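What the coordinates show
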Amino acid sequence: FFVKTQDPFGEWSDPIMLPEVGGIDPSFFFDEDGKAYIVNNDDAPDYKPEYSGHRTIRIQEFDVKSDKTIGPRKILVNKGVHPEEKPIWIEGPHMYKINGKYFLMDAEGGTSTWHSEVIFRSDSPMGTFTPWTKNPILTQRHLSAERPNPITCAGHADLIQTKEGDWWAVFLACRPINNKFENLGRETFLMPVRWSEDGFPYMTQGNETVPLILKRTGVKRDASVTFGNFEEIEDFDNASLGMQWITLRAPATELYSLSDTPGFLTLKCADVSAAEKDTPAFVCRRMQHHKFESTTRMLFNPSNEKAGMLLFKDEKHQYLFAVNRQGENKSVFLKRIGESEQILASDTISGNTKEIYLKVISQGTHYDFYYSLKGEKDWTLLCKDVDASYLSTTTAGGFTGSVIGLYATCK
């Protein structure tokens, strides 16, 4: 479906369904003659793939007056740039008209380390599209795994032209730790686009690497941008959560409050756990670094509930660093949550303890967990060298990164 508006900051339409557009990654293209098209990834011809990952890029005209697709659906790309090599997962298509030519840009190779971006050109949006002889136009898949500060899995790009006329590309890529795994998920990168003598755009060729930092004359970074190393203190003293805070699947506003106790985040101990595909009492933020330190102060007097910090990749890959009651006393514990659940460490503390500080230190490849009953000092080590790869895409699969945040449950 799509939604539309005359004012991006105003009211938007209800979803307008396009059930005939199958597959994934649909993208609009509006031509200069008033016609419009939708390109998308779809199944193999006749829905009979010759091998795993055999996909196609298809196009269909779109009527902007009726908000419906019209005419036949047509295959523009079958398999990929070199069909004889059985390329996998041609996807993420975007179409552009530049200097009178139609360009079709796609991701190819799957979103892991074999990821790449490729480009085709035609005289018509309905094809025939011819691939550039020097594809891919962006990839890091062939570079040495031992290179410093590697950026991997680069692809799924989109082009943009500035008002000054120069071209740039935004795309997805990953930053692994020691080129082994990453917990940050796919991140957005930006690179300048160059043009070949025969008129094709590209970002990398040969052994060129994606840079970690780029500078552009006249551009200033806003002070609010979290870039590089940064420190942030959250006192929860605003009327609403900042945009860096997220919840799972729904706003969860009935499970937390910023007004019940001003200056605190109040969490309800919900009858939902983060191991369920539901919305738990979990307010979190994305991990932006492999190496970081995160600390919180918690006031908690449980009966059967538990609350604390949660490091979350998905329903089956989590570390719960929390407090619960053990008879007359309380326990601060670390639990690995997943198909093989295990209490990794626990300490008994006084049942009269109401204030406890929790701290997670990520070393990149491992986590260390500390607590304190005396404020931000006299830290006690609960558990050291806990495997961080448990929360990685390498272990858990998927595309998104891990998050860390504040959590409460009675499950």
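Source: prediction; values computed, not measured.

Across its full length, the chain holds one helix and 26 strands. Over its C-alpha atoms, taken along the principal directions, the chain stretches across nearly 75 × 50 × 50 Å. For the chain, buried positions account for 47% of its 411 residues. Accessible surface for the chain amounts to roughly 22,000 Å². Of this, 49% is attributable to carbon and sulfur atoms. Distance from the positive charge centre (46 side chains) to the negative charge centre (56 side chains) of the chain: 2 Å.

What follows deals with the nonpolar core. Counting 39 residues, the largest nonpolar core has L311, Y319, F321, V332, Y367 and F369 as its most contacted members. In contact with V332, other than residues within four places in its own chain, are F321, A322, V323, A345, S346, D347, I349, I356, L358, Y371 and L382. Counting 23 residues, the second largest nonpolar core, distinct from the first, contains W132, L159, F171 and Y202.

This structure, assessed with the given rule, holds one cavity of 30 Å³ or more. Estimated volume of the largest cavity: approximately 40 Å³. What lines the largest cavity is M298, F300, V323, K330, I349, T353, K354, E355 and I356. Of the residues assigned to the lining of the largest cavity, the class counts are five nonpolar, one polar and three charged.

This paragraph deals with the pairing of strand β24 (residues 366-372). Of all the seven residues making up β24, six are buried; the element is thus mostly covered by neighbouring parts of the structure. Sheet topology places strand β23 (residues 355-363) next to β24; six bridges connect them, and they run antiparallel. By the bridge assignment, L358 is partnered in β24 with Y371. Hairpin connection between β23 and β24: a loop of two residues separates the two successive antiparallel strands, and G364 in this loop has a positive phi of roughly 100°.

Strand order in the open sheet made by the four strands is β18-β23-β24-β25, with antiparallel pairing throughout. Of all the strands in the sheet, just β18 (291-299) and β25 (380-387) have a single pairing partner and so form its edges. Averaged over all neighbouring strand pairs, the angle between strand axes comes to 15°, with direction disregarded. Strand direction decides the pairing type here: β18 and β23, joined by nine bridges, are antiparallel. When the sheet's bridge partners are listed, M298 is paired in β23 with I356.

This paragraph deals with the packing of aromatic side chains. One pass over the structure, following the stated rule, counts 21 aromatic pairs. Summarising the aromatic geometry, the rings of F29 and Y102 are spaced 6.0 Å apart at their centres and angled 85° between planes, so their arrangement reads as edge-to-face. Of the two residues, F29 is situated in strand β1 (residues 24-30) and Y102 in strand β6 (residues 101-108); the sequence distance between them amounts to 73 residues. Of the residues examined, F29 reaches a relative accessible area of 6% and is grouped as buried. Here the aromatic cluster, defined as three or more aromatic residues joined through ring pairs, consists of F103, W132, W167, W195, F200 and Y202. The ring of Y390 is capped by R336, whose NZ or CZ atom sits 5.8 Å from the centre of that ring. Across the ring face of Y370, the terminal group of K359 is positioned such that the distance to the ring centre comes to 5.5 Å.

Within the element layout of this structure, T353 appears in the loop between β22 (342-349) and β23. When the C-alpha atoms of T353 and P150 are compared, they prove to be 46 Å apart, with 203 residues separating the residues in sequence. Excluding anything up to four places from it in sequence, T353 contacts F300, K330 and L373. At a separation of 3.1 Å, a polar atom in the side chain of T353 contacts the main-chain carbonyl oxygen of S350.

A contiguous nonpolar surface patch, about 460 Å² in accessible area, is contributed by F1, V3, W12 and M17. Here M17 lies in the segment before β1. With relative accessibility at 56%, the residue M17 sits in the exposed group.

So, how was this worked out
Residues numbered from 1 in each chain as written. Predicted model: local features only at pLDDT ≥ 70, side-chain atom pairs only at ≥ 80, totals over all residues. Heavy atoms only, no water. Helix = DSSP H or I, 4+ residues; strand = E, 2+ residues; numbered from the N terminus. Buried < 20%, exposed > 50% of the residue type's maximum accessible area, 1.4 Å probe, protein only. Areas by Shrake-Rupley, 256 points an atom, 1.4 Å probe, with all protein chains shown as cover. Lys, Arg positive; Asp, Glu negative; His and termini not counted. Charge placed at Lys NZ, Arg CZ, Asp CG, Glu CD. Core = buried A, V, L, I, M, F, W, Y, C linked by side-chain atoms within 4.5 Å. Contact = heavy atoms within 4.5 Å. 1 Å grid on protein atoms, 1.4 Å probe; cavity = no way out; pocket = protein on both sides within 12 Å on 5 of 7 lines; lining within 4 Å. Points joined across faces, edges and corners; volume = space filled by probe spheres on them. Nonpolar A, V, L, I, M, F, W, Y, C, P; charged D, E, K, R; others polar. Pairing = 2+ DSSP bridges. Axes fitted to C-alpha atoms, helices over the stretch in contact; angles between N-to-C directions. Phe/Tyr/Trp six-rings, centres within 6.5 Å; stacked < 30°, edge-to-face > 60°. Lys NZ or Arg CZ within 6 Å of the ring centre and 35° of its normal. Polar contact = N/O pair within 3.5 Å; in protein donor to acceptor, adjacent residues only side chain to side chain. Patch = residues over 30% accessible without salt bridge, like charges linked within 9 Å, V, L, I, M, F, W, Y side chains within 5 Å. Salt bridge = Lys/Arg side-chain N within 4 Å of Asp/Glu carboxyl O.

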